[in-house]
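# Reading the structure
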Amino acid sequence: MKRELPRMITLVTGVFLALQYYVPHRSSAHMYETLMDWLIVVGIFAILLGIAGLVRQHLTKIQSRRENWPYSVALLTGLFGMVILGFWGQGLGSPFVTAYFTLLNPVQATMFAMLAFYIASAAYRAFRARTLLATILLLSAVLVMLGRVPLGEIVWPPFSLGSLEIPGIAQISDWLINVPNLAAKRAIYVGLGLGGSATALKVVLGIEAPHLRG
Amino acid sequence: MARSDSRHERRVRRAYPAALTLTACLLTALPAGALIAPVPHVEAYDRPNDPGETIVVAWELSPDDRTPPPGDADAVTVLSYRVLRAESPTDTLTEVGSALPGKTLYRDSEVRDNVAYYYQIQTVGTDSSLASSAWAGPVRSSGQWFDTNKAVLLAFMLLFCGAVLVLIHQARAGRELFIRPIPGLSAVDEAIGRATEMGRPILFVPGLGTSGDVATLAAYTMLGRVAHRTAEYQTGVRVPCYDPMVMTIAQDVVKSSYLDAGYPDMYREEDVFFVTQDQFSYVAAVNGLMIRERPATNFYIGKFYAESLILAETGNFAGSIQIAGTDEIVQIPFFVAACDYTLIGEELYAASAYLSREPPLLGTLKGQDWGKAAVMILIILGTVAATLGWRGFIDFFATQ
Amino acid sequence: MRWYEHLLNLDRRVLYALIFIAVLIPSLLPIGLPINISPEVENVFGRIDALEAGEIVLFPLEYDPSTAAELEPMAMAMLRHAFQKDLRVLACCLSPTGVTLVEDEIARVAAEYDREYGVDYVYLGYQPYPAIVIMTMGENFRTPFPLDYYGTALDDLPMMHGVRNYDDVALVFTVNATSGIDFWIIYGQGRYKFPLGLGSAAVMATNYYQYVQSGQLFGIISGLRGAAEYEILIDTEDPVAGRGMDVQSIAHALIVLFIVMGNITYFVDRRRRQQQEA
């Protein structure tokens, strides 16, 4: 029963939600909204579990003075500090929003900015013309990178060769993005859609239930 | 002796004051200037394919709904349309909404199902004149039990599910089903073995998805497999989680995998832990883990966003072998550039079938292939139809 | 060690330092490279420019500090254009970590044009579960947002009188770097058929050109480049994105140089190995 009951609930809920998509009636929408409300409630309890586990883990680290324990102090200070600050209001100028703009805002922007450095090292290491496909990849990358910036348009504008109109790098870049790139993405989307449906079908029918292995 | 009036004459005499009054009313009601033209046609109908309690009122534009012609700035044009409603032909009309010039549709969502309503559109001119249309109605709203716009979608879904079930049945009956080699999945055991040889742990990142995302479900399958192997090889696995619900499920997956492998004591709760639900804070924590513990093998399986390259590059710097799989198409190029193996698109969903070779799972994989074949045929037919101008074929598949 | 062996094993910190210099110098000393306006951005500009004064535009601004560098200039340019045209702005932010950021931006731009809150613009703030919010806004904005961000009932705001749902807004333009873009297309435009435009990070925008082709989006503004073009079209006094294009140009050129260098060293090394084996 311990295994069967969760599978039964999965089957009934999965079939209901799959069919609910096609039923616009108010009662169907109401049941869907009720399920979403339950999802929120369960999610909140899951957050409590997660935070409890996090706090327990780091308190243990602090108490036993394990390696890098001061960072655990910083983590717990940040976690509870922002919660406490939130009680003083959340409008512009409040301590919570000040902490948001002075701490979270620049740190998040910095983390995202690291991508610029990492793409440089990834490009240097990985974009090698080892094979024909790798060569096509790196040529496309170079054309799109230069075609999307003003410098590229200055270096390679559209020009005429006799009666032949040669497109500029910006037009070539646009074509690469709008034609082969988009075609490949659409194909992958089709596969993902079918694969996702098949995976969901497996879970609903109980053929595969990785979330019920416990 | 006075002659007696005929019945007709008496009727006319009685009606005369009323007619005079009526004429006076009409004359005073008429504005002094030009009259705005009413809308020529109004219809009201229950909004199709909706939950109910909505009626759509549609009308043709008033002939005066136009930009004033040049040189005639004083021409009277439409200022707005007022939507009036009543519950019976004898009731007073009340305004329920308005629409700007150029609009021909209004959705009245403040109605009750199965109650008859009547509508009228009143055109308001720029000179404040009013002109009323004919009444439309009675119309009753109701909810529909089936969205007819999605009929084709439902049919395709049922066909696809049917094909999958047929193939599962055939696989169970012993039919051989071929799957092409997927390098990323073939390398899983080798990557786990490498971690064992080096005496370093394995890092499994289940992505930033929720437990409802299909990619996260695929991550659970792979995690179960990895955890089983690491238990057999007595190697540690670390699973930092972004979502608390994913964490609770991942803990169960790892615990049961260790139990299946015969090493339940190996499981430590701190190995599968919640980090944070902030994207870049999560990345910073995982990066720190990679730099400190130098895992031999990193698995990135699930939903990833902008942090994918940061994770993969840091893992590369730490000297880890990396296997990635995500259904976020935008992130796949970053993983391809920075990881040793990448599962592209639905290869991620094929992981369970590929690793276990169980007949039902192989059958599902084949069903996906059949579905793709059907889509390819439809694309070719659609291209031919569009080229030849056969709108019917294309419109059949269009969703409203 | 030969020169190509040095380059093959180049410490990545050298690359990071070069990128840092390439970003720093044009930031401090702008070059002013000319920017051509693309048809996509011109299309979006024209669509908004054609609106009449007093019409309402809905701007869901859904990004957070990590993507603000790329999307904030775009959002500010859209807001400036709207206020220049005397349009009324209804905004929301369905990304929880961006709601304060967006509030600050709207307040700043509104102050530039002396716009009054509640009359010229309204900020709805944040509600969870964007798919449900987008669907219920189609019936009535008051369903997911009974109060605005500041706790005022929508019915008490003059701008919201008679404004019920998407039917009462001229268009919706979302500046978005979240997975919510798909919700706006599927649950918003797909169900309620309003004109929907998108401004997104360059890496994400490539996914959505197909929706422009199918007519589900009326236009796309892509990344910092798109924002720079829009700033030119509205003739802004402070072209933040425009300055960023100089930096982006130099950085891209440097990365292309890295790729070329990497390939030269790779081929030289490969040729040496082949000669040794021979």
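Residues numbered from 1 in each chain as written. Chains lettered and ligands numbered in written order. Predicted model: local features only at pLDDT ≥ 70, side-chain atom pairs only at ≥ 80, totals over all residues. Heavy atoms only, no water.

### Considerations on the overall build of chain C
Scanning chain C from terminus to terminus reveals eleven helices and six strands. Dimensions of chain C along its principal axes, counting C-alpha atoms only, are 80 × 35 × 35 Å. For chain C, buried positions account for 55% of its 278 residues. Taken as a whole, chain C presents about 11,200 Å² of accessible surface, with 56% of it coming from carbon and sulfur. (Helix = DSSP H or I, 4+ residues; strand = E, 2+ residues; numbered from the N terminus. Buried < 20%, exposed > 50% of the residue type's maximum accessible area, 1.4 Å probe, protein only. Areas by Shrake-Rupley, 256 points an atom, 1.4 Å probe, with all protein chains shown as cover.)

### Thoughts on the overall build of chain B
Scanning chain B from N- to C-terminus turns up eleven helices and 14 strands. Computed over the C-alpha atoms, the radius of gyration of chain B is 36 Å, more than 25% above the 21 Å expected from 2.2 N^0.38 for a compact globule of 400 residues. For chain B, with 400 residues in total, the buried portion stands at 50%. A sequence separation of at least 24 residues applies to 68% of the contacts in chain B between residues at least 6 apart. Total accessible area on chain B stands at roughly 19,000 Å², and carbon and sulfur atoms take up 58% of it. (Rg over C-alpha atoms; globule rule 2.2 N^0.38 Å. Contact = heavy atoms within 4.5 Å.)

### A few points about helix H2 (residues 151-172) of chain B
Residues three or four positions apart in an α-helix share a direction because the helix packs 3.6 residues into each turn. Residue and element names in this part refer to chain B. The end-to-end C-alpha distance of H2 is 32 Å, a good match for the 32 Å that 22 residues give at a rise of 1.5 Å each. Among the residues making up H2, those that are buried are Leu154, Phe160, Cys161, Ala163, Val164, Leu167, Ile168 and Ala171. Just downstream of H2, Gly174 is the residue with a positive phi angle, here 105°. (Expected span 1.5 Å × (residues − 1).)

### Digging into the sheet that holds strand E4 (residues 171-176) of chain C
Residues and elements named next belong to chain C. Spatial ordering of the open sheet is given by E3-E2-E1-E4-E5-E6, a layout of six strands whose pairing is parallel. Two strands close off the open sheet at either side, each with one partner strand: strand E3 (121-123) and strand E6 (219-222). The average undirected angle you get between the axes of adjacent strands in this sheet is 15°. Where strand E1 (residues 56-62) lies against E4, four bridges are found, and the strand directions are parallel. When the bridges of E4 are listed, Val57 appears paired with Leu171. Running at roughly 165° to E3, helix H5 (residues 99-112) makes contact with E1, strand E2 (88-92) and E3 of the sheet. (Pairing = 2+ DSSP bridges. Axes fitted to C-alpha atoms, helices over the stretch in contact; angles between N-to-C directions.)

### Quick word on empty space enclosed by the protein
Applying the stated criterion across every chain yields a total of one cavity of 30 Å³ or more. Space inside the largest cavity adds up to approximately 40 Å³. A:Thr199, A:Lys202, A:Glu208, B:Leu217, B:Ala218, B:Thr221, B:Leu348, B:Tyr349 and B:Ser352 are the residues that line the largest cavity. Within the residue set of the lining of the largest cavity, elements represented by two or more residues are helix H7 (169-205) of chain A together with helix H4 (214-233) of chain B. (1 Å grid on protein atoms, 1.4 Å probe; cavity = no way out; pocket = protein on both sides within 12 Å on 5 of 7 lines; lining within 4 Å. Points joined across faces, edges and corners; volume = space filled by probe spheres on them.)

### Here's the deal with the packing of helix H4 (residues 65-84) of chain C against H5(C)
All names here are of chain C. At a minimum axis distance of 10 Å, the contact between H4 and H5 shows a crossing angle of 30°. Here H4 is positioned roughly parallel relative to H5, judged by the angle of their axes. Judged by the sense of rotation from one axis to the other, the crossing of H4 with H5 is right-handed. Facing Pro65, Ala68, Glu72, Ala75, Met76, Leu79, Arg80 and Phe83 of H4, the residues of H5 in contact are Leu101, Glu105, Ile106, Arg108, Val109, Ala110 and Glu112. Considering only residue class, the contact of H4 with H5 consists of ten nonpolar, no polar and five charged. (Parallel < 35°, antiparallel > 145°, perpendicular 65-115°, else oblique. Left-handed = near helix turned anticlockwise from the far one by under 90°. Nonpolar A, V, L, I, M, F, W, Y, C, P; charged D, E, K, R; others polar.)

### A look at the domain arrangement of chain B
Segmenting chain B into domains produces domain 1 (32-139) and domain 2 (177-357). Placing the centre of domain 1 of chain B and that of domain 2 of chain B at their C-alpha centroids yields a distance of 60 Å. (Domains from an automatic or database assignment.)

### Quick word on the pairing of strand E10 (residues 237-241) of chain B
All names here are of chain B. Extensive coverage of E10 is indicated by the burial of five of its five residues. Residues of E10 alternate between two faces, with Val237, Val239 and Cys241 on one and Arg238 and Pro240 on the opposite face, all of them buried. Two strands pair when backbone bridges link them, and strand E9 (residues 202-207) and E10 are joined in this way by two bridges, in the parallel orientation. In the sheet register, Leu203 faces E10, and the bridge partner there is Arg238. In terms of handedness, the path from E9 via H4 over to E10 forms a crossover that is right-handed. Relative to strand E11 (residues 272-274), E10 runs parallel, the two being bridged by three bridges. Following the sheet pairing, Pro240 is matched in E11 by Phe273. Crossover connection from E10 via helix H5 (residues 244-261) to parallel E11: handedness right-handed. (Right-handed = clockwise from strand over helix to strand, strands pointing away.)

### Side note on H4(C)
Residue and element names in this part refer to chain C. Along its 20 residues, H4 runs 26 Å from first to last C-alpha, staying within 8% of the 28 Å computed at 1.5 Å per residue. Taken as a whole, H4 carries its principal kink of about 55° at Leu71; the proline Pro73 stands between one and four residues after it. Phi turns positive, to about 60°, at Asp86, one or two residues after H4. (Bend = angle between axes of the 7 residues up to and from the residue.)

### Remarks on the packing of helix H3 (residues 69-86) of chain A against helix H4 (residues 95-126) of chain A
Residues and elements named next belong to chain A. Where H3 contacts H4, the axes come no closer than 7 Å and their chain directions differ by 140°. Classified by the interaxial angle, the pair formed by H3 and H4 is oblique. Contacts between H3 and H4 involve Met82, Leu85 and Gly86 on the former and, on the latter, Pro95, Phe96, Ala99 and Tyr100. Of the residues belonging to the contact of H3 with H4, the class tally is six nonpolar, one polar and no charged.

### Things to note about the confidence of the model for chain B
Low pLDDT means the predicted atomic positions in that stretch should not be read closely. All names here are of chain B. Averaged over all residues, the pLDDT of chain B equals 86, while 91% of them reach at least 70. Across residues 1-5, where pLDDT falls below 50, the model places two contacts with residues more than four positions away in sequence or in other chains. Note that pLDDT drops below 50 for residues 15-33; the model gives that stretch two contacts with residues more than four away or on any other chain. (pLDDT = per-residue confidence, 0-100.)

### Observations regarding the packing of aromatic side chains
Applying the stated criterion to the full structure yields 30 aromatic pairs over all chains. Here A:Tyr118 and C:Tyr16 contribute two aromatic rings whose centre-to-centre distance is 6.1 Å and whose plane-to-plane angle is 50°, an arrangement assigned as tilted. Here the residue A:Tyr118 occupies a position in helix H4, and C:Tyr16 occupies one in helix H2 (residues 12-28), the pair thus bridging two chains. The buried category is assigned to A:Tyr118, whose relative accessible area is 14%. What makes C:Tyr16 buried here is its relative accessible area of 17%. Their ring planes at 50° and their centres at 6.3 Å tell us that C:Phe173 and C:Phe218 sit as a pair that is tilted. Of this pair, C:Phe173 sits in strand E4 while C:Phe218 sits in the loop between helix H9 (209-214) and E6; the two residues are 45 residues apart in sequence, bridging distant segments of the chain. On the accessibility criterion, C:Phe218 (11% relative accessible area) is buried. (Phe/Tyr/Trp six-rings, centres within 6.5 Å; stacked < 30°, edge-to-face > 60°.)

### Examining a nonpolar patch on the surface
Residues C:Val14, C:Leu18, C:Phe20, C:Ile21, C:Leu24, C:Ile25, C:Leu28 and C:Leu29 make up a contiguous nonpolar surface patch of roughly 740 Å² in combined accessible area. Structurally, the position occupied by C:Leu28 is in helix H2. (Patch = residues over 30% accessible without salt bridge, like charges linked within 9 Å, V, L, I, M, F, W, Y side chains within 5 Å. Salt bridge = Lys/Arg side-chain N within 4 Å of Asp/Glu carboxyl O.)

### Details of the sheet that holds strand E12 (residues 297-303) of chain B
Note: strands within a sheet are paired through backbone hydrogen bonds, in either parallel or antiparallel orientation. Residue and element names in this part refer to chain B. Here we have six strands laid out as an open sheet, ordered E11-E10-E9-E12-E13-E14, and parallel in their pairing. Every interior strand has two partners, whereas the edge strands, E11 and strand E14 (341-344), have only one. Taking each pair of neighbouring strands and ignoring which way they run, the sheet shows an average axis angle of 15°. Note: E12 against strand E13 (residues 321-326), six bridges, orientation parallel. Its bridge partner lying in E13, Gly302 is registered against Thr326.

### Considerations on the interface of chain B and chain A
With 69 residues of chain B at the contact, the number on the chain A side is 53 residues. For the pair chain B and chain A, the interface holds three salt bridges. The residue A:Arg56 makes a salt bridge to B:Glu269 at a minimum N-O spacing of 2.7 Å. The tally of links from chain B across to chain A stands at nine residue pairs in polar contact (both at pLDDT 80 or more). (Polar contact = N/O pair within 3.5 Å; in protein donor to acceptor, adjacent residues only side chain to side chain.)

### Regarding the state of the cysteines
Residue and element names in this part refer to chain B. By the definition in use, this model includes zero disulfides over all chains. Lacking any disulfide linkage, Cys339 is separated from the closest cysteine sulfur, that of Cys241, by 19 Å. Overall, the relative accessible area of 9% leaves Cys339 in the buried class. (Disulfide = S-S within 2.5 Å.)

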